[in-house]
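Residue-level structural notes
Each chain is listed here by its residues.
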Amino acid sequence: MTPAVAAAPAAAPFTTPPGHLPAEIVCPSCEAPLHGVAERLQDALRTSESRFRAAFADAGIGMALVDADDCIIEANPALGAMVGRDVSELVRMHIHAFIDPEESARRLYLELVSGERERLRLEKRLRHRDGGTVWTNITVSLIRDGEGRPLCTLAMVEDVSEQRRLGDRLQYQSMHDPLTRLPNRACFFERLAAACDAADDGRRRVGLCYVDLDGFAAVNDTLGHHVGDRLLVAVAARLRERFTGGGRLVARLGGDEFALLVPDSEGGDQLTGLAEELLRVLEEPFEVSGHRLAVTASVGVVERPVRGTTPTELVKDADATLYWSKADGRARWTLYDPDRGAHQMTRQLLATALRPALERGEFAVEFQPLVGLEEGRVHGAEALVRWRHPRFGTLSPDRFIPLAEETGAIVPLGKWVLEESCRQARRWLEEFPAAEVFVSVNLAVRQVWDSDVVADVAGVLERTGLPPRLLQLELTESAVMGPAGRPLQALQALAEMGVRIAIDDFGTGYSNLAYLSRLPVHALKLDGSFVEGFRDPGGDRREADEKIVTAMVRLAHALGLSVTAEGVENAAQAERLRATGCDTAQGWYFARPGPPHRVARMLREGPRAAGGALPGRAGPGGPA
Ligand code: C2E
Ligand code: CA
Ligand code: CA
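The structure reproduced in this document is the subject of the present report. Since this is a predicted model, take the numbers as computed values, not measurements. (Residues numbered from 1 in each chain as written. Chains lettered and ligands numbered in written order. Predicted model: local features only at pLDDT ≥ 70, side-chain atom pairs only at ≥ 80, totals over all residues. Heavy atoms only, no water.)

The secondary structure content of the protein amounts to 24 helices and 23 strands. When the 624 residues of the protein are sorted by exposure, 47% land in the buried category. Contacts spanning at least 24 positions in sequence make up 62% of the contacts within the protein whose residues lie at least 6 apart. When the accessible surface of the protein is split by element, carbon and sulfur atoms take 52% of a total near 30200 Å². (Helix = DSSP H or I, 4+ residues; strand = E, 2+ residues; numbered from the N terminus. Buried < 20%, exposed > 50% of the residue type's maximum accessible area, 1.4 Å probe, protein only. Contact = heavy atoms within 4.5 Å. Areas by Shrake-Rupley, 256 points an atom, 1.4 Å probe, with all protein chains shown as cover.)

The subject of this paragraph is the coordination of the calcium ion (ligand 3). In the first shell of the calcium ion (ligand 3), the protein supplies Asp504 (OD), Asp505 (OD), Glu566 (OE) and Glu566 (OE), at 2.2 to 2.7 Å from the metal. The metal-metal distance between the calcium ion (ligand 3) and the calcium ion (ligand 2) is 3.9 Å, with Asp504 serving as a donor to both. One end of the pair, Asp505, is in strand β20 (residues 500–506); the other, Glu566, is in the loop between β22 (562–565) and α23 (571–580), and 61 residues separate them in sequence. (Donors = N, O, S within 2.8 Å, 3.2 Å for Na, K, Ca; no water.)

Looking at ligand 1, there are 20 residues lining it, with Gln368, Arg386, Asp504, Glu569 and Trp588 nearest. In this structure, Glu566 approaches ligand 1 through a side-chain N or O atom, which is 3.5 Å from an oxygen atom. Contact with the protein chains hides 79% of the accessible area of ligand 1, taken as 800 Å² for the molecule alone. Secondary structure elements with two or more residues in the shell around ligand 1: β16 (378–389), α14 (397–407) and β20. Taken together, the residues that form the shell around ligand 1 break down as 9 nonpolar, 4 polar and 7 charged. (Near = heavy atom within 4 Å. Polar contact = N/O pair within 3.5 Å; in protein donor to acceptor, adjacent residues only side chain to side chain. Nonpolar A, V, L, I, M, F, W, Y, C, P; charged D, E, K, R; others polar.)

What follows covers the sheet that holds strand β13 (residues 297–305). Within a sheet, adjacent strands bond to each other through the backbone by hydrogen bonds, running parallel or antiparallel. The strand order β9-β10-β8-β13-β14 describes an open sheet built from 5 strands, whose pairing is mixed. The open sheet terminates on both sides in strands that have one partner only, identified here as β9 (249–254) and β14 (333–335). Direction aside, neighbouring strands of the sheet carry axes that sit 20° apart on average. Contacts from helix α7 (residues 185–197) reach β8 (205–213), β9 and β10 (257–262), with the element oriented near 130° to β9. (Pairing = 2+ DSSP bridges. Axes fitted to C-alpha atoms, helices over the stretch in contact; angles between N-to-C directions.)

A pair can form between side chains of opposite charge whenever their charged atoms are brought close. Inspection of the entire model under this criterion finds 34 salt bridges. Between Asp201 and Arg203 there is a salt bridge, with the nearest N and O atoms lying 2.9 Å from each other. Residue Arg203 is classed as exposed on the basis of its relative accessible area of 69%. Note that Arg205 and Glu303 form a salt bridge whose closest N and O atoms lie 2.7 Å from each other. Of this pair, Arg205 sits in strand β8 while Glu303 sits in strand β13, and the two are 98 residues apart along the sequence. You can call Glu303 buried: its relative accessible area is 13%. (Salt bridge = Lys/Arg side-chain N within 4 Å of Asp/Glu carboxyl O.)

Let's shift gears to the sheet that holds strand β7 (residues 150–159). The 5 strands lie next to each other as β4-β3-β7-β6-β5, forming an open sheet whose pairing is antiparallel. Where the open sheet ends on each side, the last strands, each with one partner, are β4 (72–75) and β5 (119–127). Between one strand axis and the next, the sheet turns through 25° on average, direction left out of account. Strand direction decides the pairing type here: strand β3 (residues 62–66) and β7, joined by 5 bridges, are antiparallel.

With that out of the way, let us pick up the coordination of the calcium ion (ligand 2). Protein-derived coordination of the calcium ion (ligand 2) comes from Glu382 (OE), Asn442 (OD1), Glu474 (OE) and Asp504 (OD), at a distance range of 2.1 to 2.3 Å. In terms of primary sequence, the donors binding the calcium ion (ligand 2) are separated according to E-x59-N-x31-E-x29-D.

Quick look at the nonpolar core now. Phe188, Leu471, Leu473 and Leu577 are the most contacted members of the largest nonpolar core, which totals 106 residues. No other element matches the 9 residues that helix α15 (residues 410–431) contributes to this core. Both domain 2 (176–336) and domain 3 (348–612) contribute no fewer than three residues apiece to this core. With near-sequence residues (within four places) excluded, Leu473 lies in contact with Leu418, Val441, Leu443, Val457, Leu494, Val499, Arg500, Ile501 and Ala502. Val227, Leu232, Val235 and Phe258 belong to the second-largest nonpolar core, a separate cluster that totals 31 residues. (Core = buried A, V, L, I, M, F, W, Y, C linked by side-chain atoms within 4.5 Å. Domains from an automatic or database assignment.)

It is worth spelling out the packing of helix α9 (residues 225–243) against helix α10 (residues 268–283) at this point. In a packed pair of helices, the relevant descriptors are the angle between the two axes and the axis-to-axis distance. Viewed as axis vectors pointing N to C, α9 and α10 meet at an angle of 140°, and their least axial separation amounts to 10 Å. Here α9 lies oblique to α10, going by the angle between them. When the axes of α9 and α10 are compared, the crossing they make is right-handed. Residues Val235, Arg238, Leu239, Arg242 and Phe243 of α9 pack against Leu274, Glu277, Leu278, Val281 and Leu282 of α10. (Parallel < 35°, antiparallel > 145°, perpendicular 65-115°, else oblique. Left-handed = near helix turned anticlockwise from the far one by under 90°.)

What follows is the structure, given as structure tokens:
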């Protein structure tokens, strides 16, 4: 119906050359000439074109017609005003003179001009002639020719800078603290979440310092809230100036609490260094409303790999650590301590965490050699379990064994330790058949009372092929001092099997040797506290402890028990112990608990490799 438009050159769709309509229009069915129709069409076209032209020119929003090569064919004054140019100047300019070419938009645009889509909406910044930018919403529509072929595009451009500014301001307000102008809690959590979500090759680390001013309430109470507020502003300014930059964020979490986020931490040292600096930066007194105010702060520091942690955990731990700093006397920083943290884990949490952790293989057994005091030979090794916790790091058994006992998780855990230890002892036997090295495994009270420990031990020995004489079980006195009955029976059965029984931590409980002598016990392990006194040269304590130990060793020997001393940390202690007649010893002086290959190395090197006053000294992983 509109062949004129269809025939119009793409570069000037508004110019409809009058001569372009056929001079005569015929009836499509009978082909008889239709007089006057061409003239009337011509008129109609002229009117609609001039109406459109008027609308285009007077429109309040910017408009442009753009050809297939992205050049402007026509533009209106509103658009010119937006970008600071005359309409005549805009014509034939390339749109990239105003808009940065952007891949995705370009693709959409191509879809539009190729006719695949009818309309396109974009939010774009236009370049103003003076170098500034204007935020706009642009709607681009396709204009087709009479046959439906894409001809050019019509862009309608709306200036939304004002809305953007308002939106930005609201966004800023929602993310900043109005008093100090620091990022607020919401902003801090957003950035922390982003730090935890960012791409990670497993090596990325994140760190937090939680800062709380000490005694801030007193400032408010004595000098008034106005002074308190000014102090917070001054503190915030100092923190911002010294600690922002390099991707770090200083935020006010509320009240007198601030946080420093290090999204790409280099390690614990970096964070404790920053904490140290935080304290130093705040040390310099603040001049506020005519007052000279000295403030100190407590800082909680958490630093760990991004993998395996969450923002909630980080914040919870930072909070706990800050509390420790306060509790330990304020004006200090404290680094998060997994052991201290684990200690605060609820029983419930631990109970539910222990069993899955066992299934996930988070436990490991370390071995600490028991060394003969006369000849320095490795007689055996005690198995000591560790929890390689993905979040808390390596946890020592003191942190989880007592709770595991309460919850009963000790039963499967203890079984696992037993199996691992016997398998390891069997390997030592294969490699060093003459050494007859035994493994000494701790048994918790509950394992003796609540589980079929006899059947478990028999099963493990059977599976691992370890001769029973190379297994020693360590029980505390309280485990064997119950009412006669089951534990006794169990001990009896184990002893009959050929397994050695040792009383652990001897000297800290009843120390009832007479009673113990009636039980099938083979060895005593003297608690480390006895040996502690041996360190003190010539002191009263040393003399008393030496007498006690000598008497105990003599009595034990008389009852047919061998004696192992624990916690031997230096050569002098080892030498004095040897003089008491004690058989074997265990402690950092000989070796710290470690992986099984260290015990194997000591066995391979033999007693002589050690040197010094006593063989065995400076063994692998030796003195601290
Ligand atoms: P324990 O049986 O008295 O084990 C000796 C503890 O003393 C170990 O602590 C050991 O690392 C530490 N130690 C060794 N040499 C020295 C030294 O020279 N100086 C000092 N100060 N300490 C030394 P660890 O490994 O933390 O074990 C703590 C306790 O946890 C053990 O005390 C034991 O009662 C219990 N435990 C460890 N593993 C197991 C297990 O598999 N099952 C059960 N039921 N309890 C276990
Ligand atoms: Ca033990
Ligand atoms: Ca012990």
